[in-house]
Amino acid sequence: MIRSLHRWPGLAAAALLVVLALSGAALSLFPALETLQTPAQGDPGLSVATLATRIQAQHPGVEQIRRAPSGRIVAYWFEDGAPGAAAIDPATGAGVASADAPAARGWLKNLHRSLFLDDAGRIAAAVGAASMLLLSISGIALVVRRTGGWRKVFSPLKGAVSGRLHVEIARVSVAGLLLSSATALWMSASTFALLPEETAPPAFPAVSGETGAVVADMPALRATAVSTLRELTFPYPGDLTDAFTLKTDTGQGYIDQGTGALVAWNDLGGFDRVSETIYMLHTGKGASVLGLVLGLMALGVPVMAGTGIVLWAGGAGKRPRIRANAAPGRADTILLVGSEGGSTWGFAKTLHDALAADGHSVHTDAMSRFAPTRYTSARRIVVLAATYGDGTAPSSAAGFLDRLAALPEAPAAPLAVLGFGDRNFPAFCGFAQDVADAAAAKGWPALLPMDSVDRQSPQDFARWARAFGAVIGTPLEIDHQPVAPRTCDLTLVSRRDYGTDMQTPVSILRFAVPRLPVWRRWIGQGLPSFAAGDLLGIVPAGSPVTRFYSLASATGDGFAEVCVRKHPGGLCSGQLLSLQPGDSMRAFVRPNPTFRPKRGRAPVILIGAGTGIGPLAGFARANANKRPMHLWFGVRHPDSDLLYGAELAEWQADGRLASLTTAFSRAQTRSYVQDALRRDGAQVAQLIADGAEVLVCGGRGMAAGVAEALTEILAPRGLSLQTLKAEGRYGEDIY
Amino acid sequence: MKSLLAALALTTALTTALALPGAAQARPVTLTTTLNDYGGDGAYLALYVTDASGAYKGSLWMAGGKSKYYEHLRDWYRATAGNTAEINGITGASVGAGRELSITLDLSDALFDAGYVLHIDAAVEDMRDSPSEIAVPLTSDGAGKPTAGRRYISSFSYDM
């Protein structure tokens with residue numbers, strides 16, 4: 001619901017908002033320029049009487065004196081049959097600059113408030129402001145939900161670039177956008193006379209009918225400081241019924257031109273003050289620094305419009321069409337989908353199609369439409385559930401848990417729960433776990449234990465599908481690629497082999513990155529830019545399921561390097577390890593932006609075992625500016641499989657690695673990397689207390705051992721992995 | 001259509017406002033106001049009539065629809081206290097720089113050669129106010145003779 005309130009107004013109003021934001025940002029410069037160009041007023045106590053006398057001396061035909069909120073004073077006069085005007089130096093009363101507003105400002109202002117379309121354009125601009133307000137509020141709600149609460153709104157973000165950029169800019173600029181859009185709506189309402197009328201000037205008084213009072217002697221003008229002046233209008237020459245009109249920031253009134261006395265006065269009402277404050281907040285006139293800040297924040301709008309469109313076009317929220325969706329009463333298999341951005345629907349569709357192809361009758365629907373009484377033919381119910389933010393239900397699963405809790409008894413058809421999430425978030429598959437727990441509490445039989453898919457991993461999904469297929473007696477070999485990859489041929493340039501003596505061959509494979517002209521890369525040929533920690537996807541001959549290997553190099557290195565261990569019977573690893581220099585393999589790159597050091601100078605703790613050294617070695621290799629990186633690395637034996645042994649020593653010597661600790665599980669003193677961490681507990685704890693982030697890469701068992709060791713190390717200091725994850729300081733890449 | 005409506009409203013407004021003696025004879029009068037290229041937004045113009053002593057008698061036309069700007073038409077505003085009932089049904093769009101405003105109204109014969117003066121106040125956003133930029137006596141002889149304004153109005157004439 002909130003997401004639709006954000007997406008559709010955003011897409012509909014994107015172009016309009018970009019125009020309004022850019023013109024608004026440009027306009028924000030003018031009050032600041034005007035303030036800079038205005039001569040400083042030396043005497044703060046200068047009275048309007050003195051100023052008017054000075055100006056009258058220079059221009060006897062003066063008709064009006066206006067003071068802008070910037071402090072700029074402009075006098076208008078009529079002399080020798082022609083009107084004149086100038087910006088005035090209050091110290092002398094002489095003109096010092098042109099009174100004309102810059103032409104560019106007028107043009108921009110008309111674009112900004114009416115798109116050159118007069119009232120139709122004003123209404124469009126008001127609609128734009130209303131959309132901006134709606135987008136700001138719905139955006140805040142989404143960010144609060146995503147980050148898991150108001151207090152965590154500014155916690156570090158992980159995820160793909162466009163989504164992260166969108167939220168990061170929003171967090172900085174939303175305050176300004178709220179202010180600008182709300183004040184814009186107020187001003188639109190005022191323009192269209194939808195607000196109460198402002199205080200009228202006092203009724204024109206009866207005047208003495210004489211002339212000749214001297215400006216310098218008028219008590220009201222002597223008592224008024226120039227800093228509070230808005231406007232002083234002189235009587236029309238020769239018009240005995242006219243009077244001086246004085247407007248200040250407290251009110252307005254009339255001064256008799258014969259007696260010099262103030263003959264009528266109205267104070268500004270509270271509503272006028274509110275209106276004026278709102279005008280100042282929107283235009284920056286009289287608050288030029290605020291205006292500049294708001295202008296800067298408005299510059300975020302084009303970026304957010306762009307990233308927003310990319311997010312939407314990238315499939316977020318797009319629900320694939322499920323073909324041959326069986327009626328709920330007929331289906332033997334019910335697939336229930338809990339998805340926030342829409343990617344889980346893609347997995348559901350792939351599973352749906354695979355089951356349907358095997359003769360199953362499958363009904364797929366959103367978890368929020370859970371209706372167990374209608375599943376009369378169901379033999380199994382599958383829940384595919386993503387998690388939103390800090391463990392909350394994704395939008396398409398709204399109300400599922402309540403509905404489940406309200407059932408008199410659990411459905412008879414057994415349940416399988418598969419969670420989708422990102423292991424680098426603290427509440428990994430938190431909602432799926434809640435569903436599994438609630439089902440167990442209700443006594444709902446489980447078809448198979450809950451499992452999880454990390455970062456849309458096709459491997460995780462294929463593994464679960466095999467297990468699921470085995471239980472229901474349908475062999476399922478599923479490859480679900482969220483986005484069909486565009487592969488390219490990579491040629492092996494070198495390989496370094498380790499561990500052959502222990503019958504556990506491991507190799508570092510280095511592929512040449514095809515050098516293509518930029519335009520060919522733009523049209524999607526070759527490899528896109530990548531960094532260490534991104535994934536190299538390889539589809540082996542004989543299996544549709546892609547395997548991913550963490551990259552140990554970046555585009556700038558000129559090669560793509562991965563560490564591959566030979567798995568017994570492993571199809572892909574077998575094919576890779578049989579490559580000789582000159583051979584090639586089809587591959588593609590998948591970004592993995594949640595697993596890499598954040599920008600900054602904070603220390604980095606790298607923990608890896610075996611082939612998990614790959615991305616960690618890549619981080620060290622790229623650490624040319626010598627940020628403190630500390631590596632704990634576990635292998636079997638120093639003489640057998642110490643991957644990157646030579647480079648690690650070299651990087652330690654040149655400062656790319658601040659420290660290197662190795663643990664050998666098959667040497668005389670048997671030690672795993674988690675043992676080494678425990679031994680260095682004090683140092684690890686100190687680094688983390690100093691703000692270090694932790695990046696762990698390796699197998700599931702090793703990751704669990706590391707997590708346990710770190711929990712023990714941090715507990716006495718009142719820290720936990722959960723808090724580190726919540727702060728975005730604990731990243732895992734696990735296979 | 002608009003000018004017809006305006007004329008009807010005006011006939012009412014002026015007969016009541018001016019309290020003209022006897023049965024008023026009316027004739028169509030075309031008021032033509034040409035603006036110069038002052039290089040700003042559209043100008044607000046108030047056309048109204050005063051008697052020989054300068055007392056406000058009634059409005060003929062208001063070019064500009066947003067009442068919050070009327071206070072810048074200073075003389076008109078002073079005379080009417082900004083009362084929009086004075087211009088009900090005789091309000092049109094503001095007039096762009098360099099453009100011409102031409103309106104035809106049925107004006108009472110009694111308005112001519114009786115000391116009445118036609119005023120035009122002009123105002124442009126972010127530029128100076130120009131009250132009574134035009135102030136011409138309404139006479140039969142003056143018809144068709146252009147009068148120049150001081151700031152925004154390059155010429156004004158009324159034709160019978």
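Residues numbered from 1 in each chain as written. Chains lettered and ligands numbered in written order. Predicted model: local features only at pLDDT ≥ 70, side-chain atom pairs only at ≥ 80, totals over all residues.

(A) Looking closely at the overall build of chain B. The number of helices and strands found in chain B is two helices and eight strands. Within chain B, the proportion of its 160 residues that are buried is 40%. Of the contacts formed within chain B by residues at least 6 apart in sequence, a portion of 68% connects residues at least 24 apart. (Helix = DSSP H or I, 4+ residues; strand = E, 2+ residues; numbered from the N terminus. Buried ≥ 20, exposed ≤ 12 C-beta atoms within 10 Å, placed from the backbone. Contact = placed C-beta atoms within 7 Å.)

(B) Highlighting the overall build of chain A. Helix and strand counts for chain A stand at 22 helices and 24 strands. Out of the 735 residues belonging to chain A, those deemed buried represent 41%. A separation threshold of at least 6 residues defines the contact pool for chain A, and within that pool the share at least 24 residues apart is 71%.

(C) Focus on the pairing of strand β12 (residues 415–421) of chain A. Residues and elements named next belong to chain A. Buried residues dominate β12, accounting for seven of its seven residues. Going residue by residue along β12, you find Leu415, Val417, Gly419 and Gly421 tucked away on one face and Ala416, Leu418 and Phe420 tucked away on the opposite face as well. The pairing of strand β11 (residues 380–386) with β12 spans six bridges and is classified as parallel. Among the inter-strand pairings, Ile381 is bridged to a residue of β12, identified as Leu415. When β12 meets strand β13 (residues 446–454), the two strands line up parallel, connected through six bridges. The residue of β13 that forms the bridge with Leu415 is Ala446. For the crossover that starts at β12, traverses helix α13 (residues 430–442) and ends in the parallel β13, the hand is right-handed. (Pairing = 2+ DSSP bridges. Right-handed = clockwise from strand over helix to strand, strands pointing away.)

(D) Looking closely at the interface of chain B and chain A. With 13 residues of chain B at the contact, the number on the chain A side is 14 residues. Looking at the side of chain B that touches chain A residue by residue, the class counts come to one nonpolar, four polar and eight charged. (Nonpolar A, V, L, I, M, F, W, Y, C, P; charged D, E, K, R; others polar.)

(E) Representation of helix α5 (residues 118–147) of chain A. Residue and element names in this part refer to chain A. In this model, α5 (30 residues) spans 42 Å end to end at C-alpha, consistent with the 44 Å of a helix rising 1.5 Å per residue. Listed in full, the buried residues belonging to α5 are Ala125, Gly128, Ala129, Ser131, Met132, Leu135, Ser136, Gly139, Leu142, Val143, Arg146 and Thr147. Packed against the buried residues of α5 are α1 (2–27), α4 (103–114) and α6 (161–191). Of the residues flanking the end of α5, it is Gly149, one or two places downstream, whose phi is positive at about 130°. (Expected span 1.5 Å × (residues − 1).)

(F) Region of the structure containing the nonpolar core. Residues and elements named next belong to chain A. Of all hydrophobic cores here, the largest spans 69 residues; its most connected members are Leu536, Leu606, Ile607, Leu616, Val673, Leu677 and Val706. Counting contributing residues per domain, this core is built from domain 3 (488–590) and domain 4 (604–734), each supplying no fewer than three. When sequence neighbours within four positions are dropped, the list of residues in contact with Leu616 reads Leu606, Gly608, Leu631, Leu695 and Cys697. In terms of nonpolar packing, the next biggest core, distinct from the first, is built from 49 residues, Leu355, Ala386, Tyr388 and Ala397 among them. (Core = buried A, V, L, I, M, F, W, Y, C linked by C-beta atoms within 7 Å. Domains from an automatic or database assignment.)

(G) View of the pairing of strand β15 (residues 506–512) of chain A. All names here are of chain A. Counted residue by residue, β15 has six buried out of seven residues, so it is predominantly covered. Relative to β15, strand β14 (residues 488–498) runs antiparallel, the two sharing seven bridges. In the sheet register, Tyr498 faces β15, and the bridge partner there is Val506. Sheet analysis places β15 next to strand β18 (residues 559–565), joined by seven bridges and oriented antiparallel. Paired with Leu509 across the bridge in β18 is Val562.

(H) Quick look at the environment of Leu246 of chain A. All names here are of chain A. Position of Leu246 among the secondary structure elements: in strand β6 (residues 244–248). Leu246 sits in the buried class, given 22 other C-beta atoms within 10 Å. Residues Leu246 and Thr233, 13 residues apart in the sequence, show an inter-C-alpha distance of 6.5 Å. Leaving out residues up to four positions away in the same chain, Leu246 has contacts with Ala220, Leu232, Gln252, Gly253 and Ile255.

(I) Region of the structure containing α6 of chain A. Along α6 of chain A, the sharpest kink reaches roughly 55°, centred on Ser173 of chain A. Ala193 of chain A occupies a position one or two residues after α6 of chain A and carries a positive phi of about 55°. (Bend = angle between axes of the 7 residues up to and from the residue.)

(J) Looking closely at the packing of α1 of chain A against helix α10 (residues 300–313) of chain A. Residues and elements named next belong to chain A. For the pair α1 and α10, the least separation of the axes is 9 Å and the interaxial angle reads 155°. By the angle between their directions, the pair α1 and α10 is classed as roughly antiparallel. The element α1 and its partner α10 pack so that their crossing is left-handed. In contact with Arg7, Gly10, Leu11, Ala14, Leu17, Val18, Ala21 and Leu22 of α1, α10 contributes Val301, Pro302, Ala305, Gly308, Ile309 and Trp312. The class makeup of the residues in the contact of α1 with α10 is 11 nonpolar, two polar and one charged. (Axes fitted to C-alpha atoms, helices over the stretch in contact; angles between N-to-C directions. Parallel < 35°, antiparallel > 145°, perpendicular 65-115°, else oblique. Left-handed = near helix turned anticlockwise from the far one by under 90°.)

(K) Region of the structure containing the sheet that holds β15 of chain A. All names here are of chain A. As summarised here, the arrangement of the six strands in space is β17-β16-β19-β14-β15-β18, forming an open sheet in which the pairing is antiparallel. Bordering the open sheet on either side are β17 (547–550) and β18, each of which pairs with just one other strand. Between one strand axis and the next, the sheet turns by 40° as a mean value, whatever way the strands run. Across four bridges, the pairing between strand β16 (residues 535–538) and β17 is antiparallel. Paired with Leu535 across the bridge in β17 is Ser550.

(L) Representation of unusual backbone geometry in the model. Even without a glycine there, the phi angle at Asp118 of chain A is positive, about 55°. Mapped onto the fold, Asp118 of chain A is located in helix α5. Positive phi values are uncommon outside glycine, yet Ser132 of chain B reaches one of about 45°. Tracing the chain through its elements places Ser132 of chain B in strand β7 (residues 129–137). Overall, the presence of 22 C-beta atoms within 10 Å leaves Ser132 of chain B in the buried class.

(M) Region of interest: the packing of α6 of chain A against helix α8 (residues 270–283) of chain A. All names here are of chain A. Following both chains from N to C, one finds α6 and α8 inclined at 130°, their axes separated by 9 Å at the closest point. Judged by the angle between their axes, α6 and α8 are oblique. Pair α6 / α8 crosses with left-handed handedness. On the side of α6, the interface is formed by Leu179, Ser180, Thr183, Ala184, Trp186, Met187 and Ser190, while α8 contributes Ser275, Ile278, Tyr279, Leu281 and His282. Here the residues of the contact of α6 with α8 sort into seven nonpolar, five polar and no charged.

(N) Seen up close, the sheet that holds strand β1 (residues 26–35) of chain B. Residues and elements named next belong to chain B. Taken in spatial order, the three strands make up an open sheet running β5-β1-β8, and their pairing is antiparallel. Two strands lie at the open edges of the sheet, namely β5 (100–108) and β8 (153–159), each paired on one side alone. Neighbour-to-neighbour, the strand axes of this sheet turn through a mean angle of 15°, independent of strand direction. Across nine bridges, the pairing between β1 and β5 is antiparallel. Paired with Pro28 across the strands is Asp106, a residue of β5.

(O) Fine view of the environment of Ala81 of chain B. Mapped onto the elements, Ala81 of chain B comes out in the loop between α2 (74–80) and β4 (91–92). Each C-alpha atom of the pair Ala81 of chain B and Glu71 of chain B lies 8.5 Å from the other, and the pair is 10 residues apart in sequence.

(P) Representation of the environment of Lys598 of chain A. As for its placement among the helices and strands, Lys598 of chain A is situated in the loop between β19 (584–590) and β20 (604–609). The residues contacting Lys598 of chain A, other than those within four sequence positions of it, are Pro156, Glu693 and Gly728 of chain A.

(Q) Inspection of the confidence of the model for chain B at higher detail. All names here are of chain B. Across chain B, pLDDT averages 84, with 85% of residues at or above 70. Strand β2 (residues 44–50) holds the highest mean pLDDT among the elements of chain B, 96, whereas helix α1 (residues 2–18) holds the lowest, 43. A low-confidence stretch, residues 1–13 (pLDDT under 50), is modelled with 17 contacts involving residues beyond four sequence positions or located in other chains. Note on residues 15–23: pLDDT under 50 across the span, and eight contacts to partners over four residues away in sequence or across chains. Overall fold confidence (pTM) sits at 0.66, and the ipTM for the predicted complex is 0.78. (pLDDT = per-residue confidence, 0-100.)

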